[in-house]
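# Inside the fold
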Amino acid sequence: MLIDWQAFRLTIELALVVSAILFVVGLPLAYWIAFSRWRWKFLVEAVVALPIVLPPTVLGFYVLIALGQHSPFGRWWQSMTGHTLAFTFSGLVIGSVLYSLPFAVQPFAASLSAVDSRLLAASAVLGASKFRTFFRVIVPLSVSGLVTGITLSFAHTMGEFGVVLMVGGNLRGVTRTVSIDIYDHVQSLEYAEANRLALALLAFSFAVLAIVYGINRQVGRQIGRRMWIPWTAK
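Overview of the structure. Every chain begins its residue count from 1, and numbering advances along the sequence as written. Two thresholds apply to this predicted model, a pLDDT of at least 70 for residue-level local features and 80 or more for giving and counting side-chain atom pairs, whereas whole-chain, interface and lining totals are computed over all residues. Only hydrogens and water are set aside; all other atoms, that is, all heavy atoms of the structure, feed into the side-chain values.

## Overview of the pattern of salt bridges
Close approach of charged atoms lets side chains of opposite charge pair. Selection criterion: We count a salt bridge whenever a side-chain nitrogen from Lys or Arg sits within 4 Å of a carboxyl oxygen from Asp or Glu. Exposure is judged per residue with a 1.4 Å probe applied to protein chains only, and the accessible area is read against the type maximum: over 50% gives exposed, under 20% gives buried, and values in between give partly exposed.
Scanning the entire structure with this criterion turns up four salt bridges. Here Arg176 and Asp181 are joined by a salt bridge, their closest N and O atoms 2.7 Å apart. Among the residues examined, Arg176 registers a relative accessible area of 15% and is labelled buried. A salt bridge links Arg176 to Asp184, with the shortest nitrogen-to-oxygen separation between them at 3.2 Å. Taken as a pair, Arg176 and Asp184 share a single burial class, namely buried. It is possible to trace a salt-bridge network through shared partners that takes in Arg176, Asp181 and Asp184.

Below, the structure written as C-alpha coordinates:
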(Lines give C-alpha, C1' and ligand atoms only; values in the text may rest on other atoms or scores of the structure.)
Protein backbone atom coordinates (compact mmCIF):
# COMPACT_ATOMS: atom_id res chain seq x y z
CA MET A 1 0.00 0.00 0.00
CA LEU A 2 1.32 3.41 -0.94
CA ILE A 3 1.58 6.30 1.48
CA ASP A 4 -1.61 8.31 1.81
CA TRP A 5 -0.29 11.63 0.51
CA GLN A 6 -3.72 13.18 0.93
CA ALA A 7 -3.38 12.80 4.69
CA PHE A 8 0.12 14.27 4.49
CA ARG A 9 -1.09 17.24 2.47
CA LEU A 10 -3.92 17.86 4.93
CA THR A 11 -1.54 17.62 7.90
CA ILE A 12 0.95 20.07 6.38
CA GLU A 13 -1.85 22.47 5.47
CA LEU A 14 -3.20 22.30 9.02
CA ALA A 15 0.28 22.90 10.50
CA LEU A 16 0.91 25.90 8.21
CA VAL A 17 -2.44 27.53 9.01
CA VAL A 18 -2.04 26.95 12.74
CA SER A 19 1.53 28.31 12.73
CA ALA A 20 0.44 31.46 10.90
CA ILE A 21 -2.44 32.06 13.32
CA LEU A 22 -0.22 31.45 16.34
CA PHE A 23 2.33 33.95 15.05
CA VAL A 24 -0.32 36.64 14.66
CA VAL A 25 -2.09 35.86 17.94
CA GLY A 26 0.84 34.61 20.00
CA LEU A 27 3.27 37.47 19.38
CA PRO A 28 1.14 40.21 21.02
CA LEU A 29 0.29 37.83 23.86
CA ALA A 30 3.95 36.98 24.35
CA TYR A 31 4.87 40.68 24.33
CA TRP A 32 2.33 41.33 27.06
CA ILE A 33 3.62 38.42 29.12
CA ALA A 34 7.22 39.55 28.69
CA PHE A 35 6.74 43.20 29.63
CA SER A 36 3.54 43.45 31.65
CA ARG A 37 3.86 44.23 35.36
CA TRP A 38 0.35 43.15 36.25
CA ARG A 39 0.29 41.43 39.61
CA TRP A 40 -1.85 38.51 38.47
CA LYS A 41 0.01 37.89 35.22
CA PHE A 42 0.95 34.41 36.38
CA LEU A 43 -2.69 33.35 35.99
CA VAL A 44 -2.57 34.16 32.28
CA GLU A 45 0.75 32.31 31.97
CA ALA A 46 -0.83 29.29 33.67
CA VAL A 47 -3.76 29.31 31.24
CA VAL A 48 -1.41 29.55 28.26
CA ALA A 49 0.72 26.66 29.54
CA LEU A 50 -2.27 24.48 30.47
CA PRO A 51 -2.29 22.44 27.21
CA ILE A 52 1.22 21.17 28.04
CA VAL A 53 0.00 19.26 31.12
CA LEU A 54 -3.65 18.73 30.14
CA PRO A 55 -4.39 15.39 28.45
CA PRO A 56 -5.16 16.01 24.75
CA THR A 57 -8.42 14.09 24.98
CA VAL A 58 -9.62 16.35 27.81
CA LEU A 59 -8.84 19.50 25.85
CA GLY A 60 -10.32 17.95 22.71
CA PHE A 61 -13.51 17.02 24.56
CA TYR A 62 -14.10 20.55 25.82
CA VAL A 63 -13.27 22.05 22.43
CA LEU A 64 -15.74 19.62 20.85
CA ILE A 65 -18.42 20.70 23.32
CA ALA A 66 -17.64 24.38 22.68
CA LEU A 67 -17.93 23.91 18.92
CA GLY A 68 -21.06 21.77 19.04
CA GLN A 69 -24.74 22.63 18.94
CA HIS A 70 -25.11 22.72 22.71
CA SER A 71 -22.89 25.78 23.19
CA PRO A 72 -23.83 29.42 22.44
CA PHE A 73 -20.88 29.77 20.07
CA GLY A 74 -21.70 26.53 18.29
CA ARG A 75 -25.35 27.52 17.84
CA TRP A 76 -24.35 30.97 16.59
CA TRP A 77 -21.90 29.48 14.08
CA GLN A 78 -24.50 27.03 12.81
CA SER A 79 -27.08 29.80 12.40
CA MET A 80 -24.56 31.82 10.39
CA THR A 81 -23.12 29.03 8.21
CA GLY A 82 -25.64 26.22 8.32
CA HIS A 83 -23.23 23.67 9.78
CA THR A 84 -21.27 23.10 12.98
CA LEU A 85 -17.53 23.48 13.39
CA ALA A 86 -17.13 20.00 14.85
CA PHE A 87 -15.68 17.41 12.45
CA THR A 88 -14.54 20.07 9.98
CA PHE A 89 -11.13 21.41 8.98
CA SER A 90 -11.97 24.76 10.59
CA GLY A 91 -12.73 22.97 13.83
CA LEU A 92 -9.37 21.21 13.60
CA VAL A 93 -7.67 24.58 13.22
CA ILE A 94 -9.35 25.98 16.35
CA GLY A 95 -8.50 22.92 18.43
CA SER A 96 -4.91 22.83 17.13
CA VAL A 97 -4.38 26.53 17.85
CA LEU A 98 -5.44 26.04 21.46
CA TYR A 99 -3.35 22.88 21.86
CA SER A 100 -0.18 24.35 20.30
CA LEU A 101 -0.51 27.81 21.89
CA PRO A 102 2.17 27.35 24.60
CA PHE A 103 4.65 25.95 22.09
CA ALA A 104 4.59 29.30 20.31
CA VAL A 105 3.94 31.79 23.10
CA GLN A 106 6.54 30.53 25.56
CA PRO A 107 9.53 30.72 23.15
CA PHE A 108 8.24 34.07 21.93
CA ALA A 109 8.00 35.47 25.46
CA ALA A 110 11.38 34.08 26.53
CA SER A 111 13.06 35.63 23.50
CA LEU A 112 11.34 39.00 23.91
CA SER A 113 12.14 39.23 27.63
CA ALA A 114 15.82 38.45 26.92
CA VAL A 115 16.30 41.70 24.97
CA ASP A 116 18.66 44.02 26.84
CA SER A 117 16.58 46.63 28.68
CA ARG A 118 19.31 49.21 28.06
CA LEU A 119 18.57 49.05 24.34
CA LEU A 120 14.89 49.68 25.02
CA ALA A 121 15.76 52.62 27.27
CA ALA A 122 18.09 54.05 24.61
CA SER A 123 15.35 53.75 22.02
CA ALA A 124 12.94 55.60 24.29
CA VAL A 125 15.49 58.35 24.96
CA LEU A 126 15.93 58.82 21.22
CA GLY A 127 12.20 59.44 20.93
CA ALA A 128 11.11 56.18 19.30
CA SER A 129 7.58 55.05 20.05
CA LYS A 130 6.85 51.65 21.57
CA PHE A 131 5.54 50.49 18.21
CA ARG A 132 8.73 51.53 16.42
CA THR A 133 10.91 50.09 19.19
CA PHE A 134 9.09 46.79 18.90
CA PHE A 135 9.71 46.39 15.18
CA ARG A 136 13.13 48.04 14.97
CA VAL A 137 14.74 46.74 18.17
CA ILE A 138 12.83 43.93 19.88
CA VAL A 139 11.80 41.83 16.87
CA PRO A 140 15.25 41.81 15.14
CA LEU A 141 16.90 40.75 18.42
CA SER A 142 14.27 38.05 19.00
CA VAL A 143 14.31 36.40 15.57
CA SER A 144 15.83 33.19 16.90
CA GLY A 145 13.09 32.72 19.51
CA LEU A 146 10.35 33.65 17.07
CA VAL A 147 11.57 31.10 14.53
CA THR A 148 11.82 28.49 17.28
CA GLY A 149 8.25 29.15 18.41
CA ILE A 150 6.86 28.93 14.89
CA THR A 151 8.80 25.74 14.23
CA LEU A 152 7.72 24.06 17.47
CA SER A 153 4.08 24.92 16.86
CA PHE A 154 4.36 23.59 13.29
CA ALA A 155 6.04 20.34 14.35
CA HIS A 156 3.66 19.90 17.29
CA THR A 157 0.64 20.30 15.04
CA MET A 158 2.07 17.78 12.59
CA GLY A 159 2.08 15.11 15.29
CA GLU A 160 -1.23 15.88 17.03
CA PHE A 161 -3.52 12.96 17.73
CA GLY A 162 -5.84 13.30 20.73
CA VAL A 163 -7.25 16.74 19.96
CA VAL A 164 -7.51 15.96 16.24
CA LEU A 165 -9.37 12.73 16.88
CA MET A 166 -11.81 14.30 19.36
CA VAL A 167 -12.56 17.43 17.36
CA GLY A 168 -12.23 16.21 13.77
CA GLY A 169 -12.86 12.50 13.88
CA ASN A 170 -11.61 10.50 10.90
CA LEU A 171 -13.05 11.89 7.68
CA ARG A 172 -10.85 11.10 4.70
CA GLY A 173 -9.78 14.25 2.87
CA VAL A 174 -11.39 16.49 5.50
CA THR A 175 -9.99 15.75 8.97
CA ARG A 176 -7.89 12.60 8.52
CA THR A 177 -4.31 13.56 9.38
CA VAL A 178 -1.17 11.44 9.30
CA SER A 179 -1.37 10.58 13.00
CA ILE A 180 -4.96 9.32 12.56
CA ASP A 181 -3.89 7.36 9.49
CA ILE A 182 -1.09 5.67 11.44
CA TYR A 183 -3.53 4.80 14.22
CA ASP A 184 -5.95 3.25 11.72
CA HIS A 185 -3.22 1.05 10.26
CA VAL A 186 -2.16 -0.13 13.72
CA GLN A 187 -5.77 -0.91 14.63
CA SER A 188 -6.02 -2.98 11.45
CA LEU A 189 -2.72 -4.75 12.28
CA GLU A 190 -1.14 -3.24 9.16
CA TYR A 191 2.20 -2.59 10.83
CA ALA A 192 4.19 -2.26 7.61
CA GLU A 193 1.97 0.57 6.37
CA ALA A 194 2.01 2.23 9.80
CA ASN A 195 5.79 1.98 9.90
CA ARG A 196 6.08 3.51 6.43
CA LEU A 197 3.95 6.49 7.45
CA ALA A 198 5.73 6.89 10.77
CA LEU A 199 9.15 6.89 9.10
CA ALA A 200 8.00 9.46 6.55
CA LEU A 201 6.67 11.72 9.32
CA LEU A 202 9.84 11.22 11.36
CA ALA A 203 12.08 12.11 8.40
CA PHE A 204 10.00 15.17 7.52
CA SER A 205 9.96 16.46 11.10
CA PHE A 206 13.68 15.93 11.51
CA ALA A 207 14.44 17.74 8.24
CA VAL A 208 12.29 20.73 9.26
CA LEU A 209 13.93 20.99 12.69
CA ALA A 210 17.45 20.57 11.29
CA ILE A 211 16.93 23.31 8.71
CA VAL A 212 15.40 25.72 11.23
CA TYR A 213 18.06 25.16 13.87
CA GLY A 214 20.74 25.61 11.23
CA ILE A 215 19.18 28.91 10.15
CA ASN A 216 18.82 29.97 13.79
CA ARG A 217 22.51 29.32 14.37
CA GLN A 218 23.51 31.51 11.44
CA VAL A 219 21.09 34.27 12.46
CA GLY A 220 22.41 34.17 16.03
CA ARG A 221 25.98 34.57 14.80
CA GLN A 222 25.06 37.52 12.59
CA ILE A 223 23.18 39.27 15.39
CA GLY A 224 26.03 38.66 17.80
CA ARG A 225 28.53 40.05 15.28
CA ARG A 226 26.42 43.17 14.72
CA MET A 227 26.09 43.71 18.46
CA TRP A 228 29.83 43.17 19.05
CA ILE A 229 31.17 45.56 16.40
CA PRO A 230 29.62 48.77 17.85
CA TRP A 231 30.89 47.94 21.32
CA THR A 232 34.46 47.33 20.13
CA ALA A 233 34.39 50.60 18.20
CA LYS A 234 33.88 52.60 21.41
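Continuing now.
## Considering a nonpolar patch on the surface
The test is simple: Patch membership is restricted to residues that have no salt bridge and whose relative accessible area is over 30%. Joining uses 9 Å for like charges and 5 Å for the nonpolar side chains Val, Leu, Ile, Met, Phe, Trp and Tyr. Residue burial considers only the protein chains on display, and all accessible areas are found by Shrake-Rupley using a 1.4 Å probe. In this description a helix means any DSSP run of H or I spanning at least four residues, a strand means any run of E spanning at least two, and both kinds are numbered starting from the N terminus.
Together, Val17, Ile21, Phe23, Val24 and Val25 make up an exposed nonpolar region whose accessible area comes to about 370 Å². Inspection of the secondary structure assignment puts Phe23 in helix H1 (residues 5-35). Among the residues examined, Phe23 registers a relative accessible area of 33% and is labelled partly exposed.

## With respect to the packing of helix H2 (residues 41-53) against helix H5 (residues 89-113)
For clarity, the cut-off: The convention used is that axes are lines fitted to C-alpha atoms, helices contributing only their stretch in contact, and that angles between N-to-C directions extend from 0 to 180 degrees. Throughout, a crossing is termed right-handed when the near helix is turned clockwise from the far one, and left-handed when it is turned anticlockwise from it by less than a right angle. Whether two residues touch is decided by their heavy atoms; if any such pair falls within 4.5 Å, the residues are in contact. Charged means Asp, Glu, Lys or Arg here, nonpolar means Ala, Val, Leu, Ile, Met, Phe, Trp, Tyr, Cys or Pro, and polar covers whatever is left, Gly included.
In contact at an axis separation of 7 Å, H2 and H5 are set at 115° when each is read in the N-to-C sense. The crossing of H2 and H5 is left-handed. For the pair H2 and H5, the contacting residues are Val48, Ala49, Pro51 and Ile52 in the first and Leu98, Tyr99, Leu101, Pro102, Phe103, Val105 and Gln106 in the second. By residue class, the composition of the contact of H2 with H5 is 10 nonpolar, one polar and no charged.

## Here we look at the packing of aromatic side chains
We count it as follows: For this analysis, a ring pair means two rings from Phe, Tyr or Trp (six-membered ring only for Trp) whose centres lie within 6.5 Å, classed as stacked if their planes differ by under 30 degrees, edge-to-face if by over 60, and tilted for the remaining angles.
According to the stated counting rule, one finds 14 aromatic pairs in the structure shown. Taking the centre distance of 5.3 Å and the plane angle of 65° together, the rings of Phe61 and Tyr62 count as edge-to-face. Look at Phe61 and you get partly exposed, because its relative accessible area is 39%. Tyr62 sits in the exposed class, given a relative accessible area of 54%. Relative to Phe204, the ring of Phe154 lies with its centre 6.3 Å away and its plane at 45°, an arrangement referred to as tilted. With Phe154 in helix H8 (residues 143-158) and Phe204 in helix H11 (residues 191-232), this residue pair connects regions lying 50 residues apart in the sequence.

The analysis is restricted to geometry; functional conclusions fall outside its scope.
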